[in-house]
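Each chain, letter by letter, is given below.
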Amino acid sequence: MSSRLHESCAVAVLSCALLSAPAWAGDISRASAVRFYTVCASCHEAECSGRLSFRTEAAAAQGHMERYLGPLAWIDVEELFALLRHTKERCDYYPVSATLPPDRRWQAGDLAGWHVARGIGYFLPLGDLAPGPYRLQLAFASKAQGHLKVSGKRFEPVADEALCPQQQADIAFVVTDRGAHYLTVTGQSQLVEVTLHPAGR
Ligand code: HEC
């Protein structure tokens, strides 16, 4: 092995160690997860290759990320890169820890940490859902136009709807596989309340 090759291997191992530390220690910030799943996942969630296949490094992708999010600190770039790595390797959502409000009724205060910037997008873990029909109700501060999606752990959508300009949304969906589910909402209006309950209640 030439010394040149040795050098690049050492660099690759080092950068993997640095990048995988935040990814696998379970401490990627909630802010990065919210950004990734509202802004980046729409294009990148289908990249489940089952193995690592990056063409670029985090530094090279910074400009690309900033196109969607504006100027980013290096720690944010690393965390976003690690989230894409997680997506490519595991093909599921990063396990974001979240405390569910009583009766799965999220009010403005519960939603505060789960949006990218006012009116751009929300990412909300809905918790573990048993199979069956559900109703999801959303109330916006003003008429919202945008998109709503509920997905299972491996990104399979169980609800995928456009929001016409509307202040309330009432969505019915069916869960077939028990497990963690996630809501993403993109649009221009602030969410003031989200409730989720089994249909018929
Ligand atoms: C409109 C679609 C779109 C959005 C939104 C988007 N990307 Fe990308 N991204 C691409 C495409 C296309 C490529 C090049 C092909 C590929 O590697 O998937 C790419 C490449 C990348 C790469 C390099 C991948 C590699 O294999 O080297 C990274 C890292 C990345 N994106 C991260 C992000 C992050 C983080 C966000 C959110 C801030 C984001 N992207 C938002 C479409 C998008």
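The notes below deal with the structure included here.

Thresholds applied
Residues numbered from 1 in each chain as written. Predicted model: local features only at pLDDT ≥ 70, side-chain atom pairs only at ≥ 80, totals over all residues. Near = placed C-beta within 6 Å. Helix = DSSP H or I, 4+ residues; strand = E, 2+ residues; numbered from the N terminus. Nonpolar A, V, L, I, M, F, W, Y, C, P; charged D, E, K, R; others polar. Axes fitted to C-alpha atoms, helices over the stretch in contact; angles between N-to-C directions. Parallel < 35°, antiparallel > 145°, perpendicular 65-115°, else oblique. Left-handed = near helix turned anticlockwise from the far one by under 90°. Contact = placed C-beta atoms within 7 Å. Expected span 1.5 Å × (residues − 1). Buried ≥ 20, exposed ≤ 12 C-beta atoms within 10 Å, placed from the backbone.

1. What about the site of the ligand?
Turning to step 1, where the next piece is worked out: Lining the immediate surroundings of the ligand are 17 residues, of which Cys40, Cys43, Thr56, Ala61 and Leu80 lie closest.
Turning to step 2, where the next piece is worked out: Every element with two or more residues in the shell around the ligand is listed here: helix 2 (30–44), helix 3 (58–69) and helix 4 (74–90).
Turning to step 3, where the next piece is worked out: Taken together, the residues of the shell around the ligand sort by class into 11 nonpolar, 4 polar and 2 charged.

2. Things to note about the packing of helix 2 against helix 4
Turning to step 1, where the next piece is worked out: With their axes 10 Å apart at the nearest point, helix 2 and helix 4 run at an angle of 50 degrees to one another. Between helix 2 and helix 4, the interaxial angle falls into the category oblique. Where helix 2 crosses over helix 4, the two elements pack in a sense that is right-handed. Seen from helix 2, the contacting residues are Ser32, Ala33, Arg35, Phe36, Cys40 and His44; seen from helix 4, they are Asp76, Glu79, Leu80, Leu83, Leu84 and Thr87.
Turning to step 2, where the next piece is worked out: By residue class, the composition of the contact of helix 2 with helix 4 is 6 nonpolar, 3 polar and 3 charged.

3. A word on helix 4
Turning to step 1, where the next piece is worked out: End to end, helix 4 covers 24 Å across 17 residues, agreeing with the expected 24 Å (1.5 Å per residue, within 8%).
Turning to step 2, where the next piece is worked out: All of the buried residues in helix 4 are Glu78, Glu79, Leu80, Phe81, Ala82, Leu83, Leu84, His86 and Thr87.

4. Some details on the environment of Ile120
Turning to step 1, where the next piece is worked out: Structurally, the position occupied by Ile120 is in the loop between helix 5 (108–111) and strand 2 (121–129).
Turning to step 2, where the next piece is worked out: Under the C-beta neighbour-count criterion, Ile120 is labelled partly exposed, with 16 such atoms within 10 Å.
Turning to step 3, where the next piece is worked out: Put simply, Ile120 and Val39 are 81 residues apart on the chain and 8.8 Å apart in space, counted from C-alpha to C-alpha.

5. Observations concerning unusual backbone geometry
Turning to step 1, where the next piece is worked out: In this structure, Cys91 takes a positive phi of about 55 degrees despite not being glycine.
Turning to step 2, where the next piece is worked out: For Cys91, the position within the fold is in the loop between helix 4 and strand 1 (105–107).
Turning to step 3, where the next piece is worked out: Taking the number of C-beta atoms within 10 Å as the measure of exposure, Cys91 has 16 and is therefore partly exposed.
Turning to step 4, where the next piece is worked out: Here the phi dihedral of Phe155 falls at roughly 75 degrees; this positive angle occurs in a residue that is not glycine.

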